[in-house]
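Understanding the architecture of this molecule
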Amino acid sequence: MLKSLHIQNFAIIQSLELHFFSGLSTLTGETGAGKSIIIDAIGLVLGDRADNGLIRAGENSAEIVLVIELADDSNILNWLIENDFEAESECILRRVIHKDGKSRAYINNTPVPLKSLKEFSERIINIYGQHAHQSLMHTSTQRELVDQFAGHSDELTALKNLHHDWQILQQRVQQLRDNASEISSRIELLSYQVEELDQLSLAENEFAQLEQNLSRLANAEQLKQVTATAGHRLRNDDNEDISSQLNQLSNQVEQCLAEDPSLTNTHQALLEAVTLIDEAASELSHYAEQVSLDPQALADTEERISIIDQISRKHKIAPAQIPALHVRLRQELDSLTQPDCDLDSLTSQLQQAEQQTMALAEKISNNRSAAAGKLSTEITQALAKLGMQKAKLDIQVSPLKQLTSSGLDKIVINIQTNPGQNMLPLTQVASGGELARISLAIQMIAVDKLEVPVLIFDEVDSGVGGAVAEVVGKALRDIGAHKQVMCITHLAQVAANAHHHYRVNKYSEDEDTASAIEYLEHEHRVTELARMIGGVKLTENTFLHAQEMLETATQ
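All of these numbers come straight from a predicted model, not from anything done at the bench. (Residues numbered from 1 in each chain as written. Predicted model: local features only at pLDDT ≥ 70, side-chain atom pairs only at ≥ 80, totals over all residues. Heavy atoms only, no water.)

1. Points about the sheet that holds strand β10 (residues 407-416)
Here 3 strands make up an open sheet; going across it, the order is β9-β10-β11 and the pairing antiparallel. The open sheet terminates on both sides in strands that have one partner only, identified here as β9 (392-404) and β11 (424-425). Both β10 and β11 contribute to a ladder of 2 bridges, which runs antiparallel. Its bridge partner lying in β11, Asn414 is registered against Pro425. Taken strand by strand, helix α4 (residues 139-150) contacts β9 and β10, and its axis lies near 100° from that of β10. Sitting on the sheet, helix α13 (residues 343-385) is in contact with β9 and β10, with an inclination near 165° to β9. (Pairing = 2+ DSSP bridges. Helix = DSSP H or I, 4+ residues; strand = E, 2+ residues; numbered from the N terminus. Contact = heavy atoms within 4.5 Å. Axes fitted to C-alpha atoms, helices over the stretch in contact; angles between N-to-C directions.)

What follows is the structure, given as structure tokens:
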């Protein structure tokens, strides 16, 4: 439940600290005192859109801090744990608005996006604004009411997902049908191209190697003659070769070492030169022996290079790029022949998706029909308690022309406010006061279906009075027996039924206006109820009436 609220520099509130209690709490005060501002502040810290115009005049920022007390087994606590927040006995929500229009939100001092704050707050509080009854005019609200009462939120989520997948399949099937000829032609072309490249089977870097082989084979005779001659001149058996001459020079220099040791390095260089010459001669001779004149190998190499050139020109790419092209074309062909591109396969999937979606939608329709009947009866009974004894409400569930993500049903609330009148849609019949009472009746019935522990009503009792107001007060008090309820009200009958009573005051000083709030004990409650009953002039009878009203309500 809510434990405390701290507001700083918000609207006309300079600084306010408010502590909450279990049960029903009412906030009263003169019009314009700032009662709804408190609800606005709570809404802001729960994720409502920020407006820097709400910052108190002359200040640079506004701050709202809401402290929530957590139950050990609450789904709020579970949400915190699942989202890696500190989860203790309390949770602190904080929202800061700056003059530059930026705002910051925090859960347990951890910065969070508004999406997370809203997701968290939906598990804590439902706020019914003073014009909440007007939302009943929207068919979406009427459908949500029935769905909430039916308790099939998981099925609705599943239906939305199924419907989304079904639509995607419909679009895909239609695309394939529209482009069937084009896709078929593309597959035919790709199949031919891939088969041609499969037969070519050109390896990475193969073309460069082929060019080297072609050059070697085309010049084999010259290479053989040149290398053989060079090897023979470097080393042979007639002592006229370069190796023999170097050996002789090395021996001659060696004989001089005794007279001049400084020739040691020169002698060593000659020995190394002899070794290098011998190695080169061996390699050249070996190369000359290996070179063969192979006209067939030359012809085969020329033919393969010619085929590769033809294919590279056909695709307008360099020969070295052919292996990468082969991979790309193979991948495209594979993608176009996958099940998600096969019209027959997709059509079968579409039929299955439609059957699944329709089956779930029909189940939801049956749930709605059952819930609508029960809800109609209970709201009609609640309306009787709220002074509309002759009214009869009926929620009609009728089929739509086509399936939507919300199901197969059109849901309309029909009302008969007086006997003999036709049952007509709520939007055509109900007056403002009747609409407010219908909204209250729905909230009285639907509240038990809500898992959130806190309910806030912002003047939703407008348009009612007298005995009906007393019924509203008792209904809110009953709800407060198992939920924390806050209600802003101008009705003494409602305020008298509260477990706790706060008064909001507005004061002015030195051209400055601010709001303050006080918790009312019994004596001050009587005074406030008398003010609400009697207005400006308060007589002894007014105070006695207020005293009696409070005692009767709290018995």
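What follows continues from the structure just given.
2. Things to note about the nonpolar core
If you look at the biggest cluster of nonpolar residues, it comprises 45 residues, and the most contacted ones within it are Ile38, Leu93, Ile107 and Phe120. Broken down by element, this core gets its largest block of residues, 7 residues, from helix α1 (residues 35-45). Those residues in contact with Leu93, other than ones at most four positions away along the chain, are Val45, Leu46, Ile64, Val65, Leu66, Ile68, Tyr106, Ile107, Leu117, Phe120 and Ile124. Judged by nonpolar contacts, the second largest core, of 42 residues, contains Val452, Phe457, Ile479 and Val485. (Core = buried A, V, L, I, M, F, W, Y, C linked by side-chain atoms within 4.5 Å. Buried < 20%, exposed > 50% of the residue type's maximum accessible area, 1.4 Å probe, protein only.)

3. Some thoughts on the environment of Gly47
Looking at where Gly47 falls in the secondary structure, it is placed in the loop between α1 and β4 (61-69). For Gly47 and Lys118, which are 71 residues apart along the polypeptide, the C-alpha to C-alpha distance reads 5.0 Å. Not counting the four nearest positions on each side in its chain, Gly47 is found in contact with Arg95, Leu114, Leu117 and Lys118.

4. Examining the packing of aromatic side chains
Per the stated rule, a full pass over the model turns up 4 aromatic pairs. The interplanar angle of 15° and the centroid separation of 5.8 Å between the aromatic rings of Trp79 and Phe85 together place this pair among those described as stacked. Across the pair, Phe85 and Trp79 agree in class, each one buried. Feature note: the residues Phe21, Tyr502 and Tyr519 constitute an aromatic cluster, connected by ring pairs. (Phe/Tyr/Trp six-rings, centres within 6.5 Å; stacked < 30°, edge-to-face > 60°.)

5. What to know about helix α8 (residues 220-234)
Residues that lie three or four places apart on an α-helix share one face, since the helix turns once every 3.6 residues. End to end, α8 covers 21 Å across 15 residues, agreeing with the expected 21 Å (1.5 Å per residue, within 8%). For α8, the set of buried residues is Ala220, Thr227, Gly231 and Leu234. End-on view of α8: buried residues confined to an arc of 75°, all on one side of the axis. Opposite the buried face of α8, at more than 90 degrees from it, the exposed residues are Glu221, Gln222, Gln225 and Arg233. Where α8 is buried, its residues touch α7 (206-218), α9 (242-255) and α10 (264-290). (Expected span 1.5 Å × (residues − 1). Arc of directions from axis to C-beta.)

6. Some points on helix α12 (residues 322-336)
Under the 1.5 Å per step criterion, the end-to-end length of α12 is 21 Å for 15 residues, consistent within 8% with the ideal 21 Å. Among all positions in α12, only Ile322, Pro323, Leu325, His326, Leu329, Leu333 and Leu336 are buried. Projection of α12 onto a plane perpendicular to its axis shows the buried side chains occupying an angular sector of 155°, all on one side.

7. Some details on the confidence of the model for the chain
Looking at the chain as a whole, its pLDDT mean stands at 84, while 93% of the residues score no less than 70. Within the chain, strand β3 (residues 24-28) carries the highest mean pLDDT (93), whereas helix α15 (residues 432-446) carries the lowest (73). (pLDDT = per-residue confidence, 0-100.)

8. Considering the sheet that holds strand β8 (residues 125-128)
In space, the 6 strands of this open sheet follow the order β8-β12-β13-β3-β14-β15, with mixed pairing throughout. The open sheet has two edge strands with one neighbour each: β8 and β15 (512-519). Here the average twist between neighbouring strands, direction ignored, is 15°. Alignment of β8 against strand β12 (residues 454-458), held across 4 bridges, turns out to be parallel. Counterpart to Ile127 in the pairing with β12 is Ile456. The strands touched by helix α18 (residues 522-534) are β3 and β14 (500-509); relative to β14, the strand with the most contacts, the crossing angle is about 70°.

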